[in-house]
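Chains, contacts and geometry: an overview
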Amino acid sequence: VLGSPPAPPEPLSPPRASSHSMDLMAALLHAATPGYYRHPAAPPASSAEPATPGAPTCPVCLTNIPNAALDCGHRLCAACLAEIQALPPPGLCPICRDPIHEVLRIYN
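Residues numbered from 1 in each chain as written. Predicted model: local features only at pLDDT ≥ 70, side-chain atom pairs only at ≥ 80, totals over all residues. Heavy atoms only, no water.

Some words on unusual backbone geometry
Residues other than glycine seldom take positive phi values, yet Leu62 does so here, at roughly 60 degrees. When you line up the elements, Leu62 lands in the loop between helix H1 (19-32) and strand S1 (68-70). (Helix = DSSP H or I, 4+ residues; strand = E, 2+ residues; numbered from the N terminus.)

Take a look at the structure:
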């Protein structure tokens, strides 16, 4: 006879969040709130450069070097991004249709 089964493990207490992670969580919740939108900063449209043969190209115009990265991970040129941001909110990624909340300039 084996005896009584082992006691179940004690529940883990949730990790304590730092103030930085709390700020990040608050920002994410704010961004997910319906009706929230702001045009993120983007490189100026004039910073778009024509791609050289064999170089990556913008998936929208197929002409320029992608120099802007969206928060969904897709990249496009600043000229196409400026056209997207000129449309009424919310701006959507032209590839996956996710709302654009962040834009990073890519230096080539």
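Quick look at helix H2 (residues 78-85)
Because each turn of an α-helix spans 3.6 residues, side chains separated by three or four positions end up pointing in the same direction. Among all positions in H2, only Ala78, Cys80, Leu81, Ile84 and Gln85 are buried. Down the axis, H2 shows its buried residues gathered within 155 degrees of arc, on one side only. Looking at the packing, one finds that the buried side of H2 touches S1, strand S2 (75-76) and strand S3 (103-105). (Buried < 20%, exposed > 50% of the residue type's maximum accessible area, 1.4 Å probe, protein only. Arc of directions from axis to C-beta. Contact = heavy atoms within 4.5 Å.)

A few points about the sheet that holds S3
Reading across from one edge, S2-S1-S3 is the order of the three strands in this open sheet, with antiparallel pairing throughout. Of all the strands in the sheet, the pair left with one neighbour each is S2 and S3. (Pairing = 2+ DSSP bridges.)

A few points about the side chain of Asn64
Its place among the elements puts Asn64 in the loop between H1 and S1. Judged by its relative accessible area of 13%, Asn64 falls in the buried class. When residues no more than four places from it in sequence are discounted, the contact partners of Asn64 are Ala48, Glu49, Pro50, Ala51, Pro56, Thr57, Cys58, Cys77 and Ala79.

Concerning the nonpolar core
Core analysis: the largest hydrophobic core is formed by eleven residues, namely Cys58, Ala68, Leu70, Leu76, Cys77, Cys80, Leu81, Ile84, Cys93, Ile100 and Val103. Broken down by secondary-structure element, the contributors of at least two residues to this core are S1 and H2. A per-element tally of this core places H2 first, with three residues. Contact partners of Cys80, with chain neighbours within four places excluded, come to Cys58, Val60 and Cys61. (Core = buried A, V, L, I, M, F, W, Y, C linked by side-chain atoms within 4.5 Å.)

What about the side chain of Ser47?
By the element assignment, Ser47 lies in the loop between H1 and S1. A residue is classified by how much of its surface remains accessible, and Ser47, at 11% relative accessible area, is buried. The residues touching Ser47, leaving out its near neighbours within four places in the chain, are Asn67, Ala78 and Arg105.

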